[in-house]
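Chain residues, written in single-letter form:
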Amino acid sequence: MAEKICVAVRVRPSISEESPSGTFWKIEDNRISLHKLHGTPISGLSYAFDHVFDESCSNSKVYELLTKDVIHAAVDGFNGTAFAYGQTSSGKTYTMNGSLNDPGIIHRAVNDVFQKIQMISDREFLIRVSYMEIYNEEINDLFAVENQKLPIHESLERGIFVAGLREEIVNNAEQVIKLLESGEVNRHFGETNMNARSSRSHTIFRMVIESKGIDTGSGDYSSSDAIRVSILNLVDLAGSERIAKTGAGGVRLKEGKYINKSLMVLGNVINKLSNGAKQRAHIPYRDSKLTRILQTALGGNAKTSIICTVAPEEVHVEETKGTLQFASRAKRITNCAQVNEILTDAALLKRQQLEIEDLRRKLQGSRSEVLEQEILKLRNDMLKYELEREKLEMELEEERRSHKEREQRIRDQQLKIENLSSLVSDGDRSSSQDSMKESPKDECNDFKTPCFKETSNNAFVAKRSNYSELPDFSPLPDSFSNVADEDTWFKMNKGYIADLDSLQTTPARKVQSFPPQDITPDCSNDNYKLELQNLKTQLELVIKEKVELQRKHEEEVQINSRLMGEICELKQELDLSNNSSESSKQRYGNLETEFQKLKEERDSLLQTVSESSKNITFLTDQKENILKDLNCEVQRRKDLEVEIKQFSVAFASRQRSLASIHGEFKSKIEKLRAENLVRY
Ligand code: ADP
Ligand code: MG
């Protein structure tokens, strides 16, 4: 069912101290109008939208009234997109990212999606997110700094997609918020003037929501139900102000031109879509990366809301008018959203189904958090592998393409050489026959543009309209920056469609040109010889070029086969690493048991050691006691020895005194005997 894009305007709080001197914007319900200072509205400058939010309105209210439905529909399988459009500093980033106290649409959407899917018990969900920036018409991956200048591809299965963009599978809102923070860090990385960059770049946060009914009866995950796939884009656009304001030359001008290009093409797309069926035949989605990526969101299969942010200050009144005019155009667009149900391998849920079932079986009986963790890990590993393969295929494709181009160039050169050779031999013939006077005009024409018409029709000038058949976008000529001035910008706000098709572009291809005299040849004999000389020199040059090209071609063939080899090796490595992860798991198990044993042994050794040390202490104590006893004994012996000595001395002196007494006695006895003898 066709439905209109939902458009709202949000006026940010004023940051100027000055009170208005001439006009001010008045908000009444869903209408915003420019009024003269003392009341009367200015005619033609009153606009009505689905919602008009004044400066006191919170992000929470904006989300509830404008975006919530789109987010809920995305969970149910409808594509959804929410844009923030407006001049720099009007509040786009505030609306999308919010502040600490009042989170923006992105945070609210992420939380809401996870809350909602938790309440749906009969479906299994798989959610992946990516975050990209379009800066200077180049797509950079904000989740992986190394992924720069990514190409847009289109396939029957996947539709339009950014090839090589990192996607992360996520289980809860916190994971997404963390990823977004890291994305912001990547964006700031190496940036000296972040404000200048953010006002010139578009960021797209994307969630892909896949879901499939669970056969609750049998708990069987392999039921082949259709899978719903919806893409949700949350887009913070570059500042929509006039280039004249962003000013200055050098890099800034170049950036300005690209900004202008992206937003101009967005403006063109919106203007054409809003013009109704009559002009809808060709919508120039392919003219910019932004419109190409968001093609389904604009006039296609998506529910879309646009929030146009404006600044209330008087100095910005012209920009605000421009934004409101843009918003009015957008309001006329109708989309036709439907639930996307698919049965093919385009759904990641389907592609990963077998491996996940396998893992579930293996981990049967594990705790549910463990199971969830393992599944998330496996899913992300598989997705990374797919992305890696996609990148390699891209490189290979690129290689094949340049190879073909080179071959074509060699063929062109060969044709040229042949043509030149035949011209030279014709010339030789005609000069030997001296038939220059006959039909000089035809001959001269041949020299003017020899055979280029047949060989490479597109080599010089291509009409822009041819480019609409090219895959990505049409390169704009340098002169385009001159037409993209503020007049055009304002005309576009009023619905004017810049006529890109009327422009001629000249691809930067260097073609060897003939000297100027070739163009208006004088058919005299001398000149003719000169021509011949020139042609021969040209021929030599071309032959040299051909040899060089052939050499390069051979080199490329070698590189090509090396790349193929590398791809094979990578695939083998992947297989090997899968195997080795299995065996390392086993080794890990073995090591763990060994470790356990060793731990036990160590514990018993520790026990023994502590007992031994107790014994040692005991023995040491004993030894000390014995030593003490021994010392006492020694001392006692010494004392005894001293005593013995003293005794011996005393004994000897006693002996001596006894001996002397004995002597005395003996002599007394002798004396007595003698006396007795005398008496008797
Ligand atoms: P843009 O992304 O459009 O360049 P910003 O979102 O960075 O603009 O807003 C510019 C400034 O105005 C910031 O400091 C922001 O915090 C503030 N601002 C914008 N809108 C609001 C709002 N509705 N309420 C409070 N502050 C706001
Ligand atoms: Mg911003």
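Quantities reported herein were computed from a predicted structural model and do not represent experimental measurements.

(A) Geometry of the overall build of the chain. Secondary structure summary: the chain contains 18 helices and 19 strands in total. For the chain, with 680 residues in total, the buried portion stands at 40%. Within the chain, contacts between residues at least 6 apart in sequence are counted, and of these 75% link residues at least 24 apart. Only carbon and sulfur atoms are counted for the fraction: they give 53% of the accessible area of the chain, which is about 39800 Å².

(B) Structural context of the environment of M264. Positionally, M264 belongs in helix α7 (residues 250-274). Given the relative accessible area of 3%, M264 is considered buried. With 24 residues separating them along the chain, M264 and S288 place their C-alpha atoms 9.0 Å apart.

(C) Expanded view of the pattern of salt bridges. Applying the stated criterion across every chain yields a total of 29 salt bridges. The shortest N-O distance in the salt bridge between K116 and D76 comes to 3.5 Å. Here D76 lies in the loop between α1 (59-75) and β7 (80-86) and K116 lies in helix α3 (residues 105-119), a separation of 40 residues in the sequence. For K116, a relative accessible area of 17% corresponds to the buried category. Overall, the relative accessible area of 31% leaves D76 in the partly exposed class. Notably, a salt bridge pairs R228 with E341, separated by 3.2 Å at the nearest N-O pair. Linking R228 in strand β14 (residues 227-236) with E341 in strand β17 (residues 341-342), this pair joins segments that are 113 residues apart in sequence. Classification of E341 by relative accessible area gives partly exposed; the value is 47%. Taken together, the salt bridges that share partners define one network made up of E124, R360 and R379.

(D) Local environment of the environment of H282. Within the fold, H282 resides in the loop between α7 and α8 (289-293). On the basis of relative accessibility, which here comes to 37%, the residue H282 falls in the partly exposed class. Separated by 13 residues in the primary sequence, H282 and V269 place their C-alpha atoms 9.4 Å from one another.

(E) A look at the sheet that holds strand β3 (residues 23-28). With antiparallel pairing, three strands are arranged side by side in an open sheet as β3-β4-β5. Two strands in the sheet have a free side with no partner beyond their single neighbour: β3 and β5 (41-48). With strand direction ignored, the average angle separating the axes of adjacent strands in the sheet is 25°. Sheet analysis places β3 next to strand β4 (residues 31-36), joined by six bridges and oriented antiparallel. When the sheet's bridge partners are listed, F24 is paired in β4 with H35.

(F) The arrangement of the site of ligand 1 in detail. Neighbouring ligand 1 are R10, R12, P13, Q87, T88, S89, S90, G91, K92, T93 and Y94. Between S89 and ligand 1, the recorded distance is 2.7 Å, taken from a backbone N or O atom to an oxygen atom. One of the backbone nitrogen or oxygen atoms of G91 is found 3.0 Å away from an oxygen atom of ligand 1. At three residues, helix α2 (residues 92-97) tops the list of elements feeding residues into the shell around ligand 1.

(G) Expanded view of the pairing of β7. Of all seven residues that make up β7, seven are buried, and the element is covered over most of its length. Of the two faces of β7, the one holding G80, A82, A84 and G86 and the one holding T81, F83 and Y85 are both buried throughout. Pairing of β7 with β14 involves five bridges; the strand directions are parallel. If you follow A84 over to β14, its bridge partner there is D236. In this sheet, strand β15 (residues 303-310) lies alongside β7 in parallel orientation, the contact comprising seven bridges.

(H) How the structure looks around α3. The end-to-end C-alpha distance of α3 is 21 Å, a good match for the 21 Å that 15 residues give at a rise of 1.5 Å each. For α3, every residue scored as buried is listed here: I105, I106, A109, V110, D112, V113, F114, K116 and I117.

(I) Main features of the UniProt feature "binding site: ATP" (unreviewed entry) in the chain. UniProt's entry tags G86, Q87, T88, S89, S90, G91, K92 and T93 with the feature "binding site: ATP" (unreviewed entry), counted in the numbering of this structure. Considering the arrangement of structural elements, one finds Q87 in the loop between β7 and α2. On the accessibility criterion, T88 (27% relative accessible area) is partly exposed. Residue contacts for T88: discarding those within four places in its chain leaves S199, G239, S240 and E241.

(J) Geometry of the nonpolar core. If you look at the biggest cluster of nonpolar residues, it comprises 46 residues, and the most contacted ones within it are I32, F49, L266, I293, L294 and L298. When residues of this core are assigned to their parent elements, the largest contribution, six residues, is made by α7. Once residues within four sequence positions are removed from consideration, L298 is found in contact with F83, L266, V269, I270, L273, Y285, T291 and N335. The next biggest cluster of nonpolar side chains, apart from the first, holds 37 residues, and it includes I71, A74, L142 and V170.

Rules of the game
- Residues numbered from 1 in each chain as written.
- Chains lettered and ligands numbered in written order.
- Predicted model: local features only at pLDDT ≥ 70, side-chain atom pairs only at ≥ 80, totals over all residues.
- Heavy atoms only, no water.
- Helix = DSSP H or I, 4+ residues; strand = E, 2+ residues; numbered from the N terminus.
- Buried < 20%, exposed > 50% of the residue type's maximum accessible area, 1.4 Å probe, protein only.
- Contact = heavy atoms within 4.5 Å.
- Areas by Shrake-Rupley, 256 points an atom, 1.4 Å probe, with all protein chains shown as cover.
- Salt bridge = Lys/Arg side-chain N within 4 Å of Asp/Glu carboxyl O.
- Pairing = 2+ DSSP bridges.
- Axes fitted to C-alpha atoms, helices over the stretch in contact; angles between N-to-C directions.
- Near = heavy atom within 4 Å.
- Polar contact = N/O pair within 3.5 Å; in protein donor to acceptor, adjacent residues only side chain to side chain.
- Expected span 1.5 Å × (residues − 1).
- UniProt positions renumbered as here; feature names shortened; annotations may be inferred.
- Core = buried A, V, L, I, M, F, W, Y, C linked by side-chain atoms within 4.5 Å.

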